[in-house]
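# Tertiary structure, described
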Amino acid sequence: MGIGHSKVAIAPLWRRLLRFSTDHKEIGLQYFFTAWLMALVGGVLAFLIRLHLGWPDKPIPFLGRLFPHGAEGNVLKPEFYLALVTMHGTIMVFFFQTAILLGGFGNFLIPLQIGARDMAFPFLNGLSYWVFLLSCVVMIAGFLVEGGAAAAGWTAYPPLSSIQEAVPGSGLGQTLWLLAMALFIVSSLMGSLNYITTILNMRTKGMTMTRLPMTIWSLLLSAVLGLLAFPVLTAGAILLLLDRHFGTSFFTPTVFVGGKLIPREGGNPILWQHFFWFLGHPEVYILVLPPLGFVADIVATFARRPFFGYRIAIGAALILAFLSCIVWGHHMFVSGMNPYLAMPFSLLTILVSVPFGTILLCIAGTLWGGKFRVTTPFLFSLGFLSLVTTGGVGGLFLGTASTDLYLHDTYFVVGHFHTIMASSVLYGIFAATYYWYPKMFGRKMSERLGKWHFWLTFIATYLTFVPMHYLGMGGMMRRIYSPLDYEFLAGLQPINVLISGAAFVLMAAQFLFVVNFFWSMRRGEIASENPWEATTLEWQVPSPPPHGNWGRDLPVVYRGPYDLGPIAPKGDFLPQTAP
Amino acid sequence: MGSHTVSTTVERRALAVVLVVLVAGLVFFTIRFAGRMPEAISPIGQEIDSLFRFLLTVTGVIVIAAHLYLAAVLWRFGDERAQAPIVRRQWPWVLVPIGLLFLADITFDHKSNKIWGKVFGTPPADAFTVEVTGEQFAWAIRYPGKDGKFGKTDLRNITDDNPLGLDRNDPAGKDDIFFPAGQGELHIPVNRPVLFLIKSKDVLHSFCIPWVRLKMDAVPGMTTKLWFTPSKEGQYEFTCAELCGLGHYKMRGILIVESSDKLEEWLSQQPTAADLIP
């Protein structure tokens, strides 16, 4: 095991990022960098949102100069605020998290971990990235057009999103939003198809399905969900575009907006909600599954223990994926849909906790008796476990139909999905970034900076997102520009100030990550092939791996991915390739 | 091989302590803020609150147990000596807690269904009925008048003096009492079932009264319903809970719960549709 036996020249990073490549690792890095860039955009939007919500009635000195249209007199306009909220949600959910998990880590890891040289369809893979990049550009272009970016929420409920007069962002901004989403889905379909085909058909000799690491299982299920759920939204987006521009009435009934009658006939806004959440809910599991897989593998590696209950966890993940497709109605308990429908949706939703809890128990069981190596990826994995539990139980309050009657569309919902979807998934992404960075760039990230990053992020995350639940319990509605008009919300404003303060600390802490990321690329400790002493296949090739990944012969797999610690026949671990 | 095999006991145990402090803080503040929710002013609201508290208790146990487990593991294990043998029979360790979770889920569902059935069951025939119509960005209010029947409305009839689009030829509408959006207070009787008919003129809204723990979307082209029995007189705020445009945050209304006598007296003083739009 040594360094420097990679003699294949690798082009400089900027060239690899800018060319049309069919190499899965280059495409992975293209996704990886683009998605982090989108996270930065989403983060700036979050900063503006929190700046406003902390002090909704106070002028902020520099705002007017930055946004002459959006913040005249140094106070955000309501329409600009709604555009910020809409774009923040859309960008973070789709253009950051989905893109980095499947596009970034999926691309980079799948061929390496299953022992393939590349994806099944390398050209499709390259195309997928460039369509994704185009969708990012179209999405952000919304900010530059008249009326501003889409402002109907990331859920884009019609008629607000289907009638141009309903809200300023419902002009060209909403059209661009829908086009960007359609492009994003096309790109994601090309990706998902590729990941599924590759995992099913291109595993190396000996790599049976039950020898796949949890990472691959979770990416596989996530891709399957994407393939099944995303197209429904494409269909919805096209219908909504027709409603907007060609006078159809799929989602738009007769309405009276802005002093004039808009005579459409027969459309039903609830239909869009079904379309949207048929994608939107599986989307949550598309995001949560890969971090579960990453954390399972990372925890096993740093606890030096075999993963507890591998088959149980896979079975649970299959059930979870299935259930996630039939629970979308819990977003619609008070939408006006038939109240009888709420009963099966509610039961199925809270039963999701059973397979979900099973996977978490398996990860928790892996920790028992561990010989811990407290590294940054391990810390972020523990943070993930904490947040996913705290955030997860919040879901029971919203999935239980009768408590949702009160909590629906309040900050409890905002707090819930920011704890579980935003934060815990983000922690999975951080853990994975710190863990696979050496494989991507040949150097390790600084542990000292990494740990500072973890501690500040962990504490600030709790202080930011848990109090949002309390706002919701107090009755504060989500997506309101200001709560100050309401007597019953006035007492909650100090919590909003606290959340904003904590959110600023949280954002500031991310600079440590950025600095670490770029500093380590040149100055980090040089990584060997297998710096973490892990068992899976990607650690059997040089860091970074050459084009084609493997030398003359593909690796042969003789064992499962978890021969670690006490069960490794000799030494502390056995790679999957050890005979 | 690497420096990471060096014992990191201090860091491990620091994290264990932080996790315990964290969960203690969670419990403390959650109990504190659960006690500060707006007062529930109807029996159904109180039932929803008691289900909420039941959920808090059960999920509280889950969160405490999970964090204490993490903390204990981090505190105890970490060097060769402390290693535990591999568990070969794994399923009982999963099945027992998951079985308990399953039972908790079924209990939540059972309790929830009982409440759900009451909220969405048929309202009593003698319910006091009032219609609320959402529009950007206020609520219009309409009472059926003495005949107890609402006149027909159609968005096509809307004019400046007929903001709800009442059908002037419908006799049932003559004695309707209406307040254009943002121009009236919502009066309802105490201790009598109140049925709300919820409509929208333009986009989605959601009629939300935090004090009764209920909300229901206002959907253009549809009439949705909500009913409950207010049990405490007073003046409360109601809101719009569904994003409806840039004035969404301003869609505030005043709900007045008062005795039936007072309400009848107040209603009899209001002009009817026949007075306003002959």
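So, how was this worked out
- Residues numbered from 1 in each chain as written.
- Chains lettered and ligands numbered in written order.
- Predicted model: local features only at pLDDT ≥ 70, side-chain atom pairs only at ≥ 80, totals over all residues.
- Heavy atoms only, no water.
- Helix = DSSP H or I, 4+ residues; strand = E, 2+ residues; numbered from the N terminus.
- Rg over C-alpha atoms; globule rule 2.2 N^0.38 Å.
- Buried < 20%, exposed > 50% of the residue type's maximum accessible area, 1.4 Å probe, protein only.
- Contact = heavy atoms within 4.5 Å.
- Lys, Arg positive; Asp, Glu negative; His and termini not counted.
- Charge placed at Lys NZ, Arg CZ, Asp CG, Glu CD.
- Pairing = 2+ DSSP bridges.
- Axes fitted to C-alpha atoms, helices over the stretch in contact; angles between N-to-C directions.
- Domains from an automatic or database assignment.
- Buried area = accessible area lost by both parts, 1.4 Å probe.
- Salt bridge = Lys/Arg side-chain N within 4 Å of Asp/Glu carboxyl O.
- Patch = residues over 30% accessible without salt bridge, like charges linked within 9 Å, V, L, I, M, F, W, Y side chains within 5 Å.
- Areas by Shrake-Rupley, 256 points an atom, 1.4 Å probe, with all protein chains shown as cover.
- Core = buried A, V, L, I, M, F, W, Y, C linked by side-chain atoms within 4.5 Å.
- Phe/Tyr/Trp six-rings, centres within 6.5 Å; stacked < 30°, edge-to-face > 60°.
- Lys NZ or Arg CZ within 6 Å of the ring centre and 35° of its normal.
- Expected span 1.5 Å × (residues − 1).
- Polar contact = N/O pair within 3.5 Å; in protein donor to acceptor, adjacent residues only side chain to side chain.
- Bend = angle between axes of the 7 residues up to and from the residue.

### Looking at the overall build of chain A
Scanning chain A from N- to C-terminus turns up 17 helices and two strands. At 24 Å, chain A has a C-alpha radius of gyration in line with the 25 Å of a compact globule built from 579 residues. Over its C-alpha atoms, taken along the principal directions, chain A stretches across nearly 75 × 50 × 45 Å. Put simply, chain A has 579 residues, and 70% of those count as buried. Here the contacts in chain A between residues at least 6 apart in sequence split such that 79% fall between residues at least 24 apart. If the 33 positive side-chain charges of chain A are averaged to one point and the 24 negative ones to another, these points end up 13 Å apart.

### A word on the sheet that holds strand E7 (residues 214–218) of chain B
All names here are of chain B. The strand order across the open sheet formed by five strands is E4-E10-E9-E6-E7, and the pairing between neighbours is mixed. In the strand order of this sheet, the two ends are held by strand E4 (186–189) and E7, each with one partner. Averaged over neighbouring strand pairs, the angle between their axes works out to 25° when direction is ignored. In terms of strand pairing, E4 meets strand E10 (residues 253–258) through four bridges, oriented parallel. The residue of E10 that forms the bridge with Ile188 is Val257.

### Section: the domain arrangement of chain B
Residues and elements named next belong to chain B. Parsing chain B into structural domains produces domain 1 (3–78 + 89–120) and domain 2 (128–276). Averaged C-alpha coordinates put domain 1 and domain 2 at centres separated by 40 Å. Residue-level contacts link 14 residues of domain 1 with 14 residues of domain 2. Roughly 1,200 Å² is buried in total at the junction of domain 1 and domain 2, and carbon and sulfur atoms are behind 62% of that figure. By the criterion of area lost to domain 2, the three top residues of domain 1 are Glu39, Ile41 and Val119, representing 45% of everything that side buries. Taken together, the links from domain 1 to domain 2 amount to two salt bridges.

### Things to note about a nonpolar patch on the surface
Residues and elements named next belong to chain B. A contiguous nonpolar patch, built from Val20, Val27, Ile31, Ile64 and Leu68 and spanning about 380 Å² of accessible area, is present on the exposed surface. Top element by residues in the nonpolar patch is helix H1 (residues 9–34). It accounts for three residues. As for its position among the elements, Val20 is in helix H1. According to the relative accessible area criterion, Val20 is partly exposed, its value standing at 37%.

### Remarks on the nonpolar core
Soluble globular proteins tend to pack their nonpolar side chains together in the buried interior. Within the largest apolar cluster, 284 residues are counted, with the highest numbers of intra-cluster contacts made by Phe95, Phe105 and Leu367 of chain A together with Tyr143, Leu186 and Phe196 of chain B. Broken down by element, the residue count for this core peaks at 23 residues, all from helix H4 (residues 78–114) of chain A. Listed in part, the eight residues of the second largest apolar core include Ala140, Leu164, Leu166 and Ala181 of chain B.

### Side note on the packing of aromatic side chains
In total, this model carries 83 aromatic pairs over all chains according to the counting rule given. Seen from their ring centres, Phe250 of chain A and Phe251 of chain A are 6.5 Å apart, and the 55° between their planes marks the pair as tilted. Owing to a relative accessible area of 33%, Phe250 of chain A belongs among the partly exposed residues under this scheme. Where Phe54 of chain B meets Phe108 of chain B, the ring centres are 5.8 Å apart and the plane angle is 80°; that geometry is what we call edge-to-face. Residue Phe54 of chain B is found in helix H2 (residues 43–76), and its partner Phe108 of chain B is found in helix H3 (residues 91–120); the two are separated by 54 residues along the sequence. Phe54 of chain B gets classed as partly exposed once you look at its relative accessible area, which sits at 27%. Sitting over the ring of Trp75 of chain B, Arg13 of chain B keeps its end group 4.5 Å from the ring centre.

### Considerations on helix H7 (residues 214–245) of chain A
Residue and element names in this part refer to chain A. Along its 32 residues, H7 runs 46 Å from first to last C-alpha, staying within 8% of the 46 Å computed at 1.5 Å per residue. Here H7 lies mainly inside the structure; 24 of its 32 residues are buried. Following H7 by one or two positions, Gly247 has its phi on the positive side, about 70°.

### Describing the side chain of Thr410 of chain A
Relative to the elements of secondary structure, Thr410 of chain A occurs in the loop between helix H13 (401–407) and helix H14 (411–441). Here Leu407 of chain A takes part through its backbone oxygen, which lies 2.6 Å from a polar atom of the side chain of Thr410 of chain A. The contact partners of Thr410 of chain A, leaving out residues within four places of it in the chain, are Gly472, Gly475, Met476, Met477 and Arg478 of chain A together with Lys215 of chain B.

### A look at helix H8 (residues 269–303) of chain A
Every α-helix carries 3.6 residues per turn, so stepping three or four residues along brings you back to the same face. Residues and elements named next belong to chain A. With 35 residues, H8 extends 51 Å between its outermost C-alpha atoms, agreeing within 8% with the 51 Å of an ideal straight helix rising 1.5 Å per residue. Of all the bends in H8, the greatest, near 30°, is centred on Trp277. Of all the 35 residues making up H8, 32 are buried; the element is thus mostly covered by neighbouring parts of the structure. Its side-chain oxygen at 2.8 Å from the backbone nitrogen of Ile270, Asn268 defines the N-terminal cap of H8. Where H8 ends, the next residue or the one after it, Arg304, has phi of about 50°, a positive value.

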